[in-house]
Amino acid sequence: MGKPENIKYPDENGRFGEFGGRFVAETLMPPILELEQAYEEAKADPAFQAEMDYFLEHYVGRPSPLYFAERLTEHAAKENGGAGKIYFKREELNHTGAHKINNCVGQLLLAKRMGKTRIIAETGAGQHGVATATVAARLGMECIVYMGAVDIVRQKPNVFRMRLLGAEVRAVHSGTATLKDAMNEALRDWVTNVGDTFYCIGTVAGPHPYPEMVRDFQTIIGHETKAQILKAEGRLPDAIVACIGGGSNAMGIFHPFIDDKDVRLIGVEAAGHGIETGEHAASLTGGAPGILHGNRTFLLQDEHGQINDAHSISAGLDYPGIGPEHAHLFDIGRAEYVSATDDEALEAFQLCAKLEGILPALESSHALPATIRLAQELGQDGLVVINISGRGDKDIFTIADALGEDIAAGTEG
Amino acid sequence: MTQRLDQTFADNDTVFIAYMMGGDPDRAVSQSFMNALPGAGVDIIELGIPFTDPMADGPVIEEAGIRARKSGTTLTTILDMATEFRRTNMHTPIIVMGYANPLHNMGYTEFAQAAHEAGIDGAIIVDLPPEEDHELRAAFEAYDLALIRLATPTTDAKRLPKVVSGTKGFVYYVSMTGVTGAKLSQNNAIKDQVARVKDASGLPVAVGFGVKTPERAREIAKDADGVVVGTAIVKELHKNGPDAALTFVRSLADAAHGA
């Protein structure tokens, strides 16, 4: 007998095989148990589903298109003398410009149902913060977003966007002043204000039930993709590719395909300056199992169990852990995990902009090189879907910087 | 040794527990501060293990951890500090306090064996609630170490039996919802909570998080079997050095004992 099907995970203790769980301070145990119960009840309530469907359709703008990237496919074929078709799942077309809002709609409707009035969130690239602030504004809730001071600098447009939406952005200066520290600070806030506060986690990590709940709210990506590719091509794709920080866009598109064994699932971690330099954010490729932020998963850590700094040009991937379900899929070999460097992502970003007229987020750009390689390996009968999880407008300053261009001065002057 | 803990609670009306961050600001200063604590009236030493991501701690203890890690402190250093302390003191219990990952990284059994050999008596691991501590607890039982659990204001009557079952030594009552060093809640609430936890566990109850002055220590001591002070001591040590910190510790210990 093989290992049980992943689709039935997590178990009642929030475990995905050896990963997951509820590693939190006692103060937070009662609230996470309360959340778990509230989520179970909501899931079974057709009225909750109907409300979510309404918001996803009319507010978020779902379904997002599945688009045949014809010129990128031609480019891949020309380089190689034949390549499979590349399709983009256009999550960047959602309201607020990323997949993050799918989850925020779900969690904040749940918060409303639980009678919570104060929403807190952590954010790295700012996309989850913007999505949370957006839905909080729409539902008339107070919203506080914790963001690392380093990320505030590299994602200025999103910081201002959150403020315009009425959220308070609190800069986090501790530790590395990036996503993981923002998460520490959000947990501290929650520990202090457990009564009225709902913590809206942005990825498939954290203590149970977050990895399961966030996954469930994101699987709409995979369900739509399945129906759309069947309609367009009459068959399932050979492979699905997605970038991974915590792993929510990847889990959202992977999960409905887990039992379709012929569909390869490929997650792309951020290799930063290169895995061999130690300056990366590839927890599976370059980390080891450990305990952080409420779950047991693969972490970047030193030989003493201290957490190492992650590095990626993309703030959204700059996290030293990964969702526990990915750790499990890696462990049982159901999904494959590769990596892309800062430079590879930058090059792919430019290629996509010029060939398809789409600026993908730097996060999503990490998944492009593997997508192109795969299409080439598969040859002209192949079919690859990549999740374009967000749009790249927020990244133009970072990209200009990396390319040594001065936006204000212009490049032709 | 859990016996050393039991004896300490049996011998004292109120036990005074002092927290210090191991290796802050460096091994030498931290070691001599630790060695001097019993002489300043400390009954149990809570020795902090620095961690990069101390989610339940306020800024004072987080910064102490950063200083300790900068000076090279690791989990092994903490074990070495206990070993050295035991060369001259066999009666003051040492409880280590920290987060799961450094222990997980070393291996729970390897840690338990090393802690036992170092003369450590137990541990408080903040991010291992009862639901997740069975592996470490099994390792601790094999080496006669106490895994001390935390009860909090959010631990309701339904959950309390689960929190106190299998606990040894004492139960640590976190007097408020919040991080270490924040403001303390009302005393009458604490009195009722201590009684509730004592009732459920049949063990001594120590109260911590938010006790900053001798006056507060004296008040808490009236209702609890033990008083824990951490942040205020760490702050004093950092600001005014070991001598001033030991004088401050003495004033806290006297207040706790005099109640």
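If you're wondering where the values come from, they're calculated on a predicted model, not measured in any experiment.

Overview of the overall build of chain B
The helix and strand inventory of chain B stands at eleven helices and nine strands. The C-alpha radius of gyration computed for chain B amounts to 16 Å, which stays within 12% of the reference 18 Å derived for 259 residues, consistent with globular compactness. Overall, the C-alpha framework of chain B stretches about 40 × 40 × 35 Å when taken along its three principal axes. Relative to its full complement of 259 residues, chain B shows a buried share of 63%. In chain B, the proportion of contacts linking residues at least 24 apart, taken out of those at least 6 apart, comes to 75%. As presented, chain B carries roughly 9,400 Å² of accessible surface, and 50% of it is formed by carbon and sulfur atoms. The averaged location of the 33 negative side-chain charges in chain B is 4 Å from the averaged location of its 24 positive side-chain charges.

Some remarks on a nonpolar patch on the surface
Together, Leu359, Ile396, Phe397 and Ile407 of chain A make up an exposed nonpolar region whose accessible area comes to about 340 Å². Here Leu359 of chain A is to be found in the loop between α14 (342-356) and α15 (362-365).

A few points about the pairing of strand β9 (residues 239-244) of chain A
All names here are of chain A. Most of β9 is tucked away: six of the six residues are buried. What you see with β9 is no split at all: Ala239, Val241 and Cys243 on one side and Ile240, Ala242 and Ile244 on the other are buried throughout. Sheet topology note: the β9/strand β10 (residues 264-272) ladder contains six bridges and is parallel. In the strand pairing of β10, Ala239 is matched with Arg264. The parallel pair β9 and β10 is bridged by helix α11 (residues 248-254), and the resulting crossover is right-handed. Relative to strand β14 (residues 383-388), β9 runs parallel, the two sharing three bridges. Its bridge partner lying in β14, Ala239 is registered against Val384.

What about the pattern of salt bridges?
Residue and element names in this part refer to chain A. Across all of its chains, the model carries 42 salt bridges over all chains by this definition. Taking the shortest distance from any N to any O, the salt bridge between Glu40 and Lys43 comes out at 3.7 Å. In this pair, Glu40 and Lys43 both sit in helix α1 (residues 29-43), three residues apart, roughly one turn of the helix. For Glu40, a relative accessible area of 36% gives the class partly exposed.

Section: the sheet that holds strand β9 (residues 226-229) of chain B
Residue and element names in this part refer to chain B. Strands sit in the order β5-β4-β3-β2-β1-β9-β8-β7-β6 across an open sheet of nine strands; the sheet is parallel. If you trace the sheet from one side to the other, it starts and ends with β5 (146-147) and β6 (150-151), each paired once. Pairing of strand β4 (residues 122-125) with β5 involves two bridges; the strand directions are parallel. From the neighbouring strand, Gly122 faces β5, where its bridge partner is Ala146.

Details of the sheet that holds strand β12 (residues 294-299) of chain A
Residue and element names in this part refer to chain A. Strand order across the open sheet formed by four strands is β1-β2-β12-β11, with antiparallel pairing between neighbours. Where the open sheet ends on each side, the last strands, each with one partner, are β1 (15-16) and β11 (288-292). By the bridge criterion, five bridges tie β11 to β12 in an arrangement that is antiparallel. Across the sheet, residue Ala288 finds its bridge partner in β12, namely Leu299. Sitting on the sheet, helix α13 (residues 324-332) touches β1, β2 (19-23) and β12, and the angle it makes with β12 is about 45°.

Some details on the packing of helix α3 (residues 70-80) of chain A against α14 of chain A
Residue and element names in this part refer to chain A. Running from amino to carboxyl end, α3 crosses α14 at an angle of 120°, the nearest separation of the two axes being 8 Å. Taken together, the axes of α3 and α14 are oblique relative to one another. In this structure, α3 crosses over α14, and the sense of that crossing is right-handed. Packed against α3, whose contacting residues are Glu70, Arg71, Leu72 and His75, the element α14 presents Leu351, Lys354, Leu355 and Glu356 at the interface. Across the contact of α3 with α14, the residue classes tally to three nonpolar, one polar and four charged.

Here's the deal with the state of the cysteines
In the structure shown here, the tally under the stated rule is zero disulfides over all chains. In this model Cys243 of chain A remains outside any disulfide bridge; the closest cysteine sulfur is found in Cys352 of chain A, 13 Å from its own.

Description of the packing of aromatic side chains
Residues and elements named next belong to chain A. Enumeration according to the criterion identifies 15 aromatic pairs over all chains in this entry. Between Trp190 and Tyr199 the ring centres are 5.9 Å apart and the planes differ by 70°, which places this aromatic pair in the edge-to-face class. Residue Tyr199 is classed as buried on the basis of its relative accessible area, which comes to 0%. Put simply, the rings of Phe19, Phe298, Phe330 and Tyr337 touch in pairs and so form one group of aromatic residues. Over the aromatic face of Phe68 sits the side chain of Lys85, whose NZ or CZ is 5.1 Å from the ring centroid. Here the basic side chain of Arg90 rests over the ring of Tyr67, its NZ or CZ set 5.4 Å away from the ring centre.

Things to note about the environment of Pro211 of chain A
Tracing the chain through its elements places Pro211 of chain A in helix α9 (residues 210-218). Along the backbone, Pro211 of chain A and Gly20 of chain A are 191 residues apart, and their C-alpha atoms lie at a distance of 7.8 Å.

A look at the confidence of the model for chain B
Looking at chain B, pLDDT values average 94 and 97% of them are 70 or higher. Reported confidences for the modelled complex are a pTM of 0.95 and an ipTM of 0.94.

With respect to the interface of chain A and chain B
Every contact between the two is made by 36 residues of chain A and, on the other side, 33 residues of chain B. Where chain A touches chain B, the interface holds four salt bridges. The salt bridge involving Glu26 of chain A is made with Arg159 of chain B; its shortest N-O contact spans 2.8 Å. Inspection of the chain A/chain B interface yields 18 residue pairs in polar contact (both at pLDDT 80 or more). When contributions to the side of chain A that touches chain B are tallied by element, the ones reaching two or more residues are β2, α1, α8 (179-192), β11 and β12 of chain A. If you tally residues by element for the side of chain A that touches chain B, the top one is α8 of chain A, at seven residues. Counted by class, the side of chain A that touches chain B contains 14 nonpolar, 13 polar and nine charged residues.

Rules behind the numbers
- Residues numbered from 1 in each chain as written.
- Chains lettered and ligands numbered in written order.
- Predicted model: local features only at pLDDT ≥ 70, side-chain atom pairs only at ≥ 80, totals over all residues.
- Heavy atoms only, no water.
- Helix = DSSP H or I, 4+ residues; strand = E, 2+ residues; numbered from the N terminus.
- Rg over C-alpha atoms; globule rule 2.2 N^0.38 Å.
- Buried < 20%, exposed > 50% of the residue type's maximum accessible area, 1.4 Å probe, protein only.
- Contact = heavy atoms within 4.5 Å.
- Areas by Shrake-Rupley, 256 points an atom, 1.4 Å probe, with all protein chains shown as cover.
- Lys, Arg positive; Asp, Glu negative; His and termini not counted.
- Charge placed at Lys NZ, Arg CZ, Asp CG, Glu CD.
- Patch = residues over 30% accessible without salt bridge, like charges linked within 9 Å, V, L, I, M, F, W, Y side chains within 5 Å.
- Salt bridge = Lys/Arg side-chain N within 4 Å of Asp/Glu carboxyl O.
- Pairing = 2+ DSSP bridges.
- Right-handed = clockwise from strand over helix to strand, strands pointing away.
- Axes fitted to C-alpha atoms, helices over the stretch in contact; angles between N-to-C directions.
- Parallel < 35°, antiparallel > 145°, perpendicular 65-115°, else oblique.
- Left-handed = near helix turned anticlockwise from the far one by under 90°.
- Nonpolar A, V, L, I, M, F, W, Y, C, P; charged D, E, K, R; others polar.
- Disulfide = S-S within 2.5 Å.
- Phe/Tyr/Trp six-rings, centres within 6.5 Å; stacked < 30°, edge-to-face > 60°.
- Lys NZ or Arg CZ within 6 Å of the ring centre and 35° of its normal.
- pLDDT = per-residue confidence, 0-100.
- Polar contact = N/O pair within 3.5 Å; in protein donor to acceptor, adjacent residues only side chain to side chain.

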